[in-house]
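Tertiary structure, described
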Amino acid sequence: MRLKSIKLAGFKSFVDPTTVSFPTNLSAVVGPNGCGKSNVIDAVRWVMGESSAKHLRGESMTDVIFNGSNGRKPVGQASIELVFDNTEGKLVGEFAQFNEISIRRKVTREAQSFYYLNGTKCRRRDITDLFLGTGLGPRSYAIIEQGMISKLIESKPEELRVFLEEAAGISKYKERRKDTERR
Ligand code: ATP
Ligand code: MG
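Computed from a prediction, not measured in an experiment: that's the story for all the values here. (Residues numbered from 1 in each chain as written. Chains lettered and ligands numbered in written order. Predicted model: local features only at pLDDT ≥ 70, side-chain atom pairs only at ≥ 80, totals over all residues.)

Describing the overall build of the protein chain
- From N to C terminus, the protein chain includes 5 helices and 6 strands.
- The helix and strand sequence of the protein chain, counted from the amino end, reads β-β-α-β-β-β-β-α-α-α-α.
- By the compact-globule yardstick of 16 Å for 183 residues, the protein chain fits well, its C-alpha radius of gyration being 17 Å.
- Across its three principal directions, the C-alpha atoms of the protein chain cover 50 × 40 × 40 Å.
- When each of the 183 residues of the protein chain is scored for burial, the buried share is 22%.
- Considering only contacts within the protein chain whose residues lie at least 6 apart along the sequence, 54% involve residues at least 24 apart. (Helix = DSSP H or I, 4+ residues; strand = E, 2+ residues; numbered from the N terminus. Rg over C-alpha atoms; globule rule 2.2 N^0.38 Å. Buried ≥ 20, exposed ≤ 12 C-beta atoms within 10 Å, placed from the backbone. Contact = placed C-beta atoms within 7 Å.)

What about the sheet that holds strand S2 (residues 18-21)?
- The strand order across the open sheet built from 6 strands is S2-S1-S3-S4-S5-S6, with neighbouring strands paired in antiparallel fashion. Two strands close off the open sheet at either side, each with one partner strand: S2 and strand S6 (120-122). The sheet shows a mean angle of 20° between the axes of neighbouring strands, direction not considered.
- Across the sheet, helix H1 (residues 37-47) lies against strand S1 (2-9), S2, strand S3 (77-85) and strand S4 (100-108), angled at about 85° from S3, the strand it touches most.
- Taken strand by strand, helix H2 (residues 124-131) contacts S4, strand S5 (113-117) and S6, and its axis lies near 50° from that of S5. (Pairing = 2+ DSSP bridges. Axes fitted to C-alpha atoms, helices over the stretch in contact; angles between N-to-C directions.)

With respect to the pairing of S1
- As judged from the 7 bridges shared by S1 and S3, these two strands associate in the antiparallel manner. Directly across from Lys-7, in S3, lies its bridge partner Glu-81.
- Both S1 and S2 contribute to a ladder of 4 bridges, which runs antiparallel. Its bridge partner being in S2, Ser-5 is matched across the sheet by Ser-21.

Considerations on the UniProt feature "binding site: ATP" (unreviewed entry) in the protein chain
- Feature annotation in UniProt assigns "binding site: ATP" (unreviewed entry) to the following positions: Pro-32, Asn-33, Gly-34, Cys-35, Gly-36, Lys-37, Ser-38 and Asn-39.
- Examined against the element boundaries, Lys-37 turns out to sit in helix H1.
- Aside from chain neighbours lying at most four places away, what touches Lys-37 is Val-29 and Gly-31. (UniProt positions renumbered as here; feature names shortened; annotations may be inferred.)

Comments concerning the confidence of the model for the protein chain
- On average, residues of the protein chain score 89 in pLDDT, and 99% of them reach the 70 mark or higher.
- Scored as a complex, the prediction yields pTM 0.85 and ipTM 0.97. (pLDDT = per-residue confidence, 0-100.)

Some remarks on the nonpolar core
- Counting residues in hydrophobic clusters, the biggest one holds 26 residues, and the most contacted among them are Phe-11, Ala-43, Val-47, Val-64, Ala-78, Ile-80 and Leu-82.
- Not counting residues up to four positions away in its chain, the partners in contact with Ile-80 are Ile-6, Lys-7, Leu-8, Phe-11, Ala-43, Trp-46, Val-47, Arg-104 and Arg-105. (Core = buried A, V, L, I, M, F, W, Y, C linked by C-beta atoms within 7 Å.)

Take a look at the structure:
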């Protein structure tokens, strides 16, 4: 599944609606320090259900909402939409039939998060489920950040195992088992 575009609005430094397109398999985001490159990556992780503010370099979840700058007032909500190309049919289940998958997350100042899958309101769980076993997801190895390689090398066997299980496609079943045991 290839990420085709990201639509940002009210998210961190992207106050006005902005679309970032990735037309080819290899894209680079370049720019001066502080221009918002890492914010784009934070946006991707955030939509996929990242629930830790710290992983998005903030204190609380509402820190992702544009909080004002010289001459611009803070806004009331942040919204990000990711559009994936699914023409290769990598997704299984009810979404396999769609050529394009859109996932969107919105958060308000009241810290309420809303999720949408192809325009229909859904739970956070539906989004994380969709990506389990695909290698994508908020904490997956699809996003390799600064420091992650050394963290991987130094990680304990049980931490390393989480990545291996995702790569092997086992994590999906483990999640489901945990869910069943909870019920
Ligand atoms: P570097 O090259 O140094 O890594 P970068 O391009 O990755 O820089 P980012 O960290 O993505 O830059 O962007 C930082 C900018 O985003 C800062 O100017 C910061 O003020 C702004 N920013 C972060 N959160 C918010 C927010 N909630 N509201 C407004 N601006 C924000
Ligand atoms: Mg950066």
